[in-house]
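# Report on the structure
As a plain string of letters, each chain reads:
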Amino acid sequence: MTTGNRVINDPDLVVEDMLRGFLAAHAETLCANADNARVVQRIGARQPGRVGIVTGGGSGHEPAFLGYVGEGLCDAVAVGEIFSSPTARSFYDAMRAADGGAGVACLYGNYAGDNMNVKMAVQMAARDGIRVQTVVANDDVPSAPKGDEAKRRGVAGEILMWKVAGAKAAQGASLDAVVGAAQKAIDNTRSIGIGLSACVIPAVGKANFQIEPGNMELGIGHHGEPGIGVRRTPSAAGMAEIMLDAVLPDLPIVRGERVALLVSGLGATPLMELYILYAELSRRLDERGIAVAFQRVGNLFTSLEMMGVTLTLMRLDDELEACLRAPCCSVGMTVPGAHGAPAQAHWSDTVRGRVAAPAVQPPLPETRRAVPAPRTCQGPCVALDGAGGMVRELIAAIVENRGFLSEIDGLIGDGDHGINMAKGFTGCDARLDAIGPERAASLPAALEQLSQALMDDIGGSMGPLYGSFFLGFVNTLEGHARLDAALFGEALASAIATVQTLGNAQVGDKSLIDTLVPARDAYARALESGAGFAGALQAMARAAEAGKDSTKNLQARIGRSARLGPRSIGVLDAGATSCWIILRTMAQYLQRQLGA
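Residues numbered from 1 in each chain as written. Predicted model: local features only at pLDDT ≥ 70, side-chain atom pairs only at ≥ 80, totals over all residues. Heavy atoms only, no water.

## Section: the overall build of the protein
As a reminder of what qualifies: Strands are runs of DSSP state E lasting at least 2 residues, helices are runs of H or I lasting at least 4, and numbering of each runs from the N terminus. Put simply, the radius of gyration uses C-alpha atoms, and a globule should come to 2.2 Å times the residue count raised to 0.38. Each residue's exposure class comes from its accessible area (1.4 Å probe, protein chains only) as a fraction of the maximum for that residue type: buried when under 20%, exposed when over 50%, partly exposed otherwise. Only heavy atoms enter the contact rule, under which two residues are in contact if any of them lie within 4.5 Å. Residue exposure ignores everything except the shown protein chains as possible cover, and the areas themselves are Shrake-Rupley values with a 1.4 Å probe. Counted as positive: Lys and Arg. Counted as negative: Asp and Glu, with His and the chain ends omitted from the count. Charge positions are represented by NZ for Lys, CZ for Arg, CG for Asp and CD for Glu.
Across its full length, the protein holds 18 helices and 18 strands. Expected size for 596 residues packed as a compact globule is a radius of gyration near 25 Å; at 25 Å, the protein falls within 12% of this value. Referenced to the eigenvectors of the C-alpha coordinate spread, the extents of the protein come out at roughly 80 × 60 × 45 Å. Here the protein holds 596 residues, and the buried ones make up 59% of them. At a minimum sequence separation of 6, the contacts of the protein that also span at least 24 residues come to 74%. As displayed, the protein offers around 21900 Å² of accessible surface, 54% of which is attributable to carbon and sulfur atoms. Taken as two groups, the 53 positive and 62 negative side-chain charges of the protein have centres that lie 2 Å from each other.

So this is what it looks like as structure tokens:
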């Protein structure tokens, strides 16, 4: 397998390889969770009576997120694939690792996948008796207009949120007080980024977008999402003026106030240039009568090897400034000072640097219903006990289209859709082998393994959405021996309803719903007109393709690409496209079983 001109082994395993090196380099203070290699935690993270601090996010932003695990900062972090949310399981395991009985504050960025997976993890933690409160970072000014701050994404301002919350927790504050301080921190923080070059996800092998020489992308996101516009690249002085003009009025930050100032490179910007920009920013703030009371310059929150920079400002009061100046120690940030000695009781929670964990973990959230009584099959039907092969065909179809799905995702997203889908679907192969050929031959059992693989392994928003989709089929099909046209229609409708409830998308939003809903409706209409099972499946597949194609002319209204506005028009939606592949494969498999 080619790796290109990079310092990597397998492009598909860069996160796993990175984690091995990171933990080996910092083994004195950090370790992997004993039950989940995608959770990095501080040794002695579980401190009795102290609020735990947890975060999580995609890889490729190092030192964020795992670099901010340490004394006075975060206790544990969930690690996702490159530019993709961690799974609900990983967020939950991080919460469990950090819980010392006083509750856990989960502080993370405002992205659809993170929101879904954290919500599921909080539900899991609640069933385990762990109280979790959340704060969502939304400091990125260009990603939504003033007055619509709830839609803004979280970027480097998360670092200041972690710092403030970690300081409050170290002081022994209650969960409510820690969360209140974290919310206050992010409410007073604003950021903006400038991109000067694209980045390349190793498994994709090419840039998702291009910035022409001499141009800059203003308001670029940390996953390479385009910003609010392309401009000619000015001098550092011009950049400083543009960035401050965007950020200062938004709170606003005015004469006589104090601020924290962070200047972060995006991965490839020389440190020399970051300091040049810092000089221009600090001079202009001084001219405006705004004092810089806390500052950091460096690669603090990156985007692989992207050339560019982000500016983050936090408006300070006495409480926030004291929290920022409180001592901390981590790979990504250190503030000198004396730390409290860890209590001896913490040793009981560790074994050779590994945090002990319950042997039995609760399952991911499910919406399982009571198994229905079997009913008489009407018309042509398929034996469910012999239809599990559909799942192997679904795996093959997604893997075959991995490159295509990532390519279209890269046009208005971060280019990882095909990569992550293929990884999650491929992971189901081992699960099917583990349950044995007899159980794997059952369609409900095989679909349940696929659902679990996607929710456990994909992360992002696709893991919960597709995992719930297939679980909807399982809930309907369990207890039945044969699949007829009516039962398939019920299962399809149930699966789509679950996805709509979880993702809150509607037809026209440029999402997988634009494929699913027309397919469901076409199937139902075909049955009503007497088309039969095979004919209804054909109608479903045709409508799914038309729905997928319709997304090309839509402007995204939900998810990460919604922030692009009209720039999202003209590109197929990756989720709608993968949904079409899935429905087409299901239709083709069942038609063969029916002899059609």
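## Let's talk about empty space enclosed by the protein
Operational definition: Think of a 1 Å grid over just the protein atoms. A cavity is a set of points where a 1.4 Å probe fits yet cannot get out, a pocket is an open set with protein on both sides within 12 Å along at least five of seven lines, and lining residues have an atom within 4 Å of a point. Grid points are joined across faces, edges and corners, and a volume is the space filled by probe spheres set on the points. Charged means Asp, Glu, Lys or Arg here, nonpolar means Ala, Val, Leu, Ile, Met, Phe, Trp, Tyr, Cys or Pro, and polar covers whatever is left, Gly included.
All chains considered together, the criterion is met by four cavities of 30 Å³ or more. In this structure, the largest cavity encloses a volume near 110 Å³. Considering the residues around the largest cavity, the lining is formed by 17 residues, among which G58, F65, Y111, D114 and H223 are closest to the centre. At three residues, the largest contribution of residues to the lining of the largest cavity is made by strand β3 (residues 52-59). For the lining of the largest cavity, the per-class residue count stands at four nonpolar, ten polar and three charged. What the second largest cavity holds in volume is close to 80 Å³. If you go around the second largest cavity, the residues you meet are P11, D12, V14, V15, E81, I82, I201, A203, D416, I419 and N420. Elements with a contribution of two residues or more to the lining of the second largest cavity: α1 (14-25), β4 (76-82) and α11 (417-435).

## A closer look at the side chain of T585
Looking at the element boundaries, T585 is found in helix α18 (residues 574-594). In this structure, T585 is in contact with E393, L394 and A397, ignoring residues within four places of it in sequence.

## Quick notes on the packing of helix α9 (residues 389-400) against α11
Which entries qualify depends on this criterion: Every angle, taken between N-to-C directions, lies between 0 and 180 degrees, and every axis is a line fitted to C-alpha atoms, over only the stretch in contact when it is a helix. Angles are sorted into four bins: roughly parallel if under 35 degrees, roughly antiparallel if over 145, roughly perpendicular if 65 to 115, and oblique for all others. A crossing counts as left-handed when the near helix is turned anticlockwise from the far one by less than a right angle, and as right-handed when that turn is clockwise.
Viewed as axis vectors pointing N to C, α9 and α11 meet at an angle of 150 degrees, and their least axial separation amounts to 9 Å. Accordingly, the angle class assigned to the pair α9 and α11 is roughly antiparallel. The two elements α9 and α11 cross, and the hand of that crossing is left-handed. Across the interface between the two elements, V391, R392, L394, I395, I398 and V399 of α9 pack against M421, A422, F425, T426, C428, D429, L432 and D433 of α11. Classifying every residue of the contact of α9 with α11 by side-chain character gives ten nonpolar, one polar and three charged.

## Concerning the pattern of salt bridges
How we decide: Definition used for salt bridges: Asp or Glu carboxyl oxygen within 4 Å of a side-chain nitrogen of Lys or Arg.
Under the criterion given, the structure shown has 37 salt bridges. Of the charged contacts, one joins K184 and D317 as a salt bridge, the two residues approaching to 2.4 Å between their closest N and O atoms. One end of the pair, K184, is in helix α5 (residues 175-187); the other, D317, is in the loop between β12 (308-316) and α8 (318-325), with 133 residues separating them in the sequence. Since its relative accessible area comes to 26%, K184 is described here as partly exposed. Residue D317 is classed as partly exposed on the basis of its relative accessible area, which comes to 27%. Among the salt bridges present, the one from D250 reaches R190, with a minimum N-O distance of 2.6 Å. Within this pair, whereas D250 is found in the loop between α6 (236-247) and β10 (258-265), its partner R190 is found in strand β7 (residues 189-195), the two being separated by 60 residues in sequence. Look at R190 and you get buried, because its relative accessible area is 9%. Through salt bridges with shared partners, a single network forms among E241, D245, E280, R283, R284, E287 and R288.

## Some thoughts on the pairing of β10
Note the threshold: Paired strands, in this sense, are two strands between which DSSP finds at least two bridges. With the strands aimed away from the viewer, a crossover counts as right-handed if its path from the first strand over the helix to the second runs clockwise.
β10 sits mainly inside the fold: seven of its eight residues count as buried. Summarising the sheet, β10 and strand β11 (residues 291-298) pair through seven bridges and their orientation is parallel. Bridge assignment links L262 to a residue of β11, and that residue is R296. You can see the chain leave β10, run along helix α7 (residues 271-287) and come back into β11, and the turn it takes is right-handed. Sheet analysis places β10 next to β12, joined by eight bridges and oriented antiparallel. Looking at β12, one finds that L262 is bridged to T312.

## Describing α6
For an α-helix, the turn length of 3.6 residues means that residues three or four places apart are oriented alike. This is how the line gets drawn: To estimate the expected span of a helix, count its residues, drop one, and scale the result by 1.5 Å.
Across its twelve residues, α6 extends 16 Å between first and last C-alpha, which sits within 8% of the 16 Å expected from 1.5 Å per residue. Looking at the buried side of α6, the elements it contacts are β7, β8 (215-218), α7 and β12.

## Details of the pairing of β3
It is a general feature of regular strands that their side chains alternate between the two faces of the sheet. Of all eight residues in β3, eight are buried; the element is thus mostly enclosed. Where β3 lies against strand β5 (residues 104-109), three bridges are found, and the strand directions are parallel. Opposite G52, over in β5, you have V104 as the bridge partner. Sheet topology places β3 next to β4; five bridges connect them, and they run parallel. Within β4, the residue paired with G57 across the bridge is V79.

That's the geometry; what it means functionally is another story.
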